Amino acid sequence: MAIKEAYTAVGNDTFVQGLLGISAHEVRAVGASWALFNAASMEEILSAAFWNHQSTFTSFYLRDMSSYSHELFALGPLSVAQTTTEKT
């Protein structure tokens, strides 16, 4: 729901997709994977995403973050799974 509202607020899906080169469908996967990449615990990730089983994340949402890390750090500190991350 929040993602849909954000897209509506911007008013241009193509613009938002172009920010990181990912679709709205990938936002959840990238957010959860980014949290893991930045040492969030599996319990934090599962709770934040409202998943009951680790296999849901690892089977359907886990992404290789090495291709995204430069672009995501360029945005500045990010909050993922209720944790603020910064480039070190």
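That block above? That's the structure.
Quick notes on the rules
Residues numbered from 1 in each chain as written. Predicted model: local features only at pLDDT ≥ 70, side-chain atom pairs only at ≥ 80, totals over all residues. Heavy atoms only, no water. Helix = DSSP H or I, 4+ residues; strand = E, 2+ residues; numbered from the N terminus. Polar contact = N/O pair within 3.5 Å; in protein donor to acceptor, adjacent residues only side chain to side chain. Contact = heavy atoms within 4.5 Å. Buried < 20%, exposed > 50% of the residue type's maximum accessible area, 1.4 Å probe, protein only. Arc of directions from axis to C-beta. Phe/Tyr/Trp six-rings, centres within 6.5 Å; stacked < 30°, edge-to-face > 60°.

1. A few points about the side chain of Ser33
Here is step 1 of the chain: With respect to the helices and strands, the residue Ser33 is situated in helix H3 (residues 24–37).
Here is step 2 of the chain: At 3.2 Å, the side chain of Ser33 forms a polar contact with the backbone oxygen of Tyr61.
Here is step 3 of the chain: Only 2.7 Å separates the side chain of Ser33 from the backbone nitrogen of Arg63, close enough to count as a polar contact.
Here is step 4 of the chain: Excluding residues within four positions of it along the chain, Ser33 makes contact with Phe57, Tyr61, Leu62, Arg63 and Met65.

2. Focus on the environment of Asn38
Here is step 1 of the chain: Along the chain, Asn38 falls in the loop between H3 and helix H4 (42–49).
Here is step 2 of the chain: Looking at Asn38, its side chain comes within polar contact range of the main-chain oxygen of Trp34, at 3.0 Å.

3. Remarks on the side chain of Glu26
Here is step 1 of the chain: By secondary structure assignment, the location of Glu26 is in helix H3.
Here is step 2 of the chain: According to the relative accessible area criterion, Glu26 is buried, its value standing at 18%.
Here is step 3 of the chain: One polar contact links Glu26 to Arg63, side chain to side chain, over a distance of 2.8 Å.

4. Focus: H4
Here is step 1 of the chain: Buried within H4 are the following residues: Met42, Ile45, Leu46 and Ala49. On an axial view of H4, the arc spanned by its buried residues comes to 95°, and they lie on one face.
Here is step 2 of the chain: The positive-phi residue at the C-terminal boundary of H4 is Phe50, with phi of around 60°.

5. Observations concerning the packing of aromatic side chains
Here is step 1 of the chain: For the structure shown, the criterion picks out three aromatic pairs.
Here is step 2 of the chain: With 5.2 Å between their ring centres and 20° between their planes, Trp34 and Phe37 make a pair best called stacked. Of this pair, Trp34 and Phe37 are both found in helix H3, three residues apart, which corresponds to roughly one turn of the helix.
Here is step 3 of the chain: The class of Trp34 is buried, set by a relative accessible area of 1%.
Here is step 4 of the chain: When the ring of Trp51 is compared with that of Phe57, the centres are 5.7 Å apart and the planes differ by 20°; the resulting orientation is stacked.

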